[in-house]
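Fold and geometry: a report
The chain contents come next:
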Amino acid sequence: MDFALSPEQAGVQARARDFAQTRVAPLARSMDEQGRMPRELIGEMARRGLLGGPLPPEYGGEGWDALSLALCYEELGRADSSVRGFMTVHTSLVALCLLRWGTGEQRAAYLPRLARGELIGCYCLTEPNAGSDAGSLESTATPEGGDYVLRGEKIWITNGNLAGLALVFANADPSQKHRGICAFLVDTHLPGFRREPMPGRELGHRASDHARIVLDGLRLPRSALLGQPGEGFRVAMSALDQGRLGVAAGALGVAQACLDASVDFARQRRQFGRRLADFEMIQHDLADMAADVDAARLLVYRAGWLQSQGARATREVSIAKLFATEAAGRVAGQAVLLHGGRGYSNEYPVERHYRDIKGLQIYEGTAHIQRIVIARELVGKE
Ligand SMILES: Cc1cc2nc3c(=O)[nH]c(=O)nc-3n(C[C@H](O)[C@H](O)[C@H](O)COP(=O)(O)OP(=O)(O)OC[C@H]3O[C@@H](n4cnc5c(N)ncnc54)[C@H](O)[C@@H]3O)c2cc1C
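Residues numbered from 1 in each chain as written. Predicted model: local features only at pLDDT ≥ 70, side-chain atom pairs only at ≥ 80, totals over all residues. Heavy atoms only, no water.

1. Topic: empty space enclosed by the protein
For the structure on display, the rule yields one cavity of 30 Å³ or more. Within this model, the largest cavity holds a volume of roughly 50 Å³. What lines the largest cavity is simply A66, L69, A70, Y73, S92, Q242, L245, G246 and Q307. Elements with a minimum of two residues in the lining of the largest cavity: α3 (66-79) and α6 (232-268). At four residues, α3 tops the list of elements feeding residues into the lining of the largest cavity. A domain-level breakdown of the lining of the largest cavity finds at least three residues from each of domain 1 (7-119) and domain 3 (234-379). (1 Å grid on protein atoms, 1.4 Å probe; cavity = no way out; pocket = protein on both sides within 12 Å on 5 of 7 lines; lining within 4 Å. Points joined across faces, edges and corners; volume = space filled by probe spheres on them. Helix = DSSP H or I, 4+ residues; strand = E, 2+ residues; numbered from the N terminus. Domains from an automatic or database assignment.)

2. Some thoughts on the packing of α3 against helix α4 (residues 81-101)
Relative orientation of the contacting elements α3 and α4 amounts to 155°, with a least axis distance of 9 Å. Comparing the axis directions of α3 and α4 gives the class roughly antiparallel. Listed contacts from α4 to L69, C72, Y73, L76 and G77 of α3 are R84, M87, T88, T91, S92 and L96. (Axes fitted to C-alpha atoms, helices over the stretch in contact; angles between N-to-C directions. Parallel < 35°, antiparallel > 145°, perpendicular 65-115°, else oblique. Contact = heavy atoms within 4.5 Å.)

3. Section: the domain arrangement of the protein
Parsing the protein into structural domains produces domain 1 (7-119), domain 2 (122-229) and domain 3 (234-379). The C-alpha-based centres of domain 1 and domain 2 are spaced at 23 Å. Taken residue by residue, the interface counts 24 residues in domain 1 and 19 residues in domain 2. Counting across the interface, domain 1 meets domain 2 through zero salt bridges. One can count five residue pairs in polar contact (both at pLDDT 80 or more) joining domain 1 with domain 2. Elements supplying a minimum of two residues to the side of domain 1 that touches domain 2: α1 (7-34), α4 and α5 (104-116). Sorting elements by how many residues they give to the side of domain 1 that touches domain 2 places α4 first, with 12 residues. Looking at side-chain class alone, the side of domain 1 that touches domain 2 contains 12 nonpolar, seven polar and five charged residues. (Salt bridge = Lys/Arg side-chain N within 4 Å of Asp/Glu carboxyl O. Polar contact = N/O pair within 3.5 Å; in protein donor to acceptor, adjacent residues only side chain to side chain. Nonpolar A, V, L, I, M, F, W, Y, C, P; charged D, E, K, R; others polar.)

Take a look at the structure:
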């Protein structure tokens, strides 16, 4: 068993780390306060080859393997979950899904622009009455004179107000339940595609853009279908297999950032005439945090390695997402406590990580749903 990264993987890691630490980390607090991410940061991600990294060279990418992509998300997650989330949706849920399911024409029309960041992607699955149970979505795609006419509502759509391309799921034959769902590539400037920011203020991911989208008689030609009619649910789930690994890797980054910050703080802060790091109880906490980080890393890298071999890794990806997001929750909680009152203020990044990590436990399948996926792989389904 070889745990070493290849030179290509180490190169992606170093490039992503440089971008995350020099460009993202210094902005993370102000982005969180302002509730937005500067557009030039997206342009820079594209110029540095990150946005299109896993795409083949003919579409403007570098053909990264799945582990390289996970390493990139880990580095972004160490700096900021909103930026990592932006890229996971854009690159894993939209671009890689289009690469897998798109026709030659669709790939050529969209992928180079997605890699250059000229076009931003969003993934529209969740609805007011269909979250975890995505197969029960209520948006309809009515066949009409060779076209499809879409009606319905989507919520919580990351990048939804920024996107020029939306991957939208709607049911063309509700009598077939989830087998009637179709996937569509939608130009967000078409009439009938209305969007607005989600109401309320999020607990975390405050620099992310989250939209409520209304499909109001949106007319699409057949050529907008991604995959065959009725294949939409498979398209949606295959995208989540990619995206979940990104969320798991992002969570690993959050956990690593919280551990690093805690070690630094424990070595500097003195109480009772000693460094915090010299109290046995603090050492116990730091050791538990380090064990969680290492275990999460092994699971995330194993899932990435398996996907890189082209193997089916649904179970391993779900285990990685479940464990890494829960481990990061524990590590972030300990980090806030260890920082004392300072950890309760956004003066220190652990406060933001503590808020952000809850989102990673919810989107792309909650922790409950990951347990269902894992258990189903264990015991099957009657
Ligand atoms: C920050 C953020 C970004 C997001 N971005 C996107 C996006 O880009 N695109 C998109 O389509 N969606 C997005 N979502 C939506 C997200 O995927 C859903 O919120 C998530 O799938 C859960 O659905 P729900 O909110 O409807 O909760 P529900 O499905 O109503 O679940 C509520 C609770 O019940 C539990 N539950 C549900 N079913 C079961 C079961 N069978 N057994 C046990 N427990 C169960 C859940 O785990 C949860 O704890 C985003 C959400 C957030 C918070």
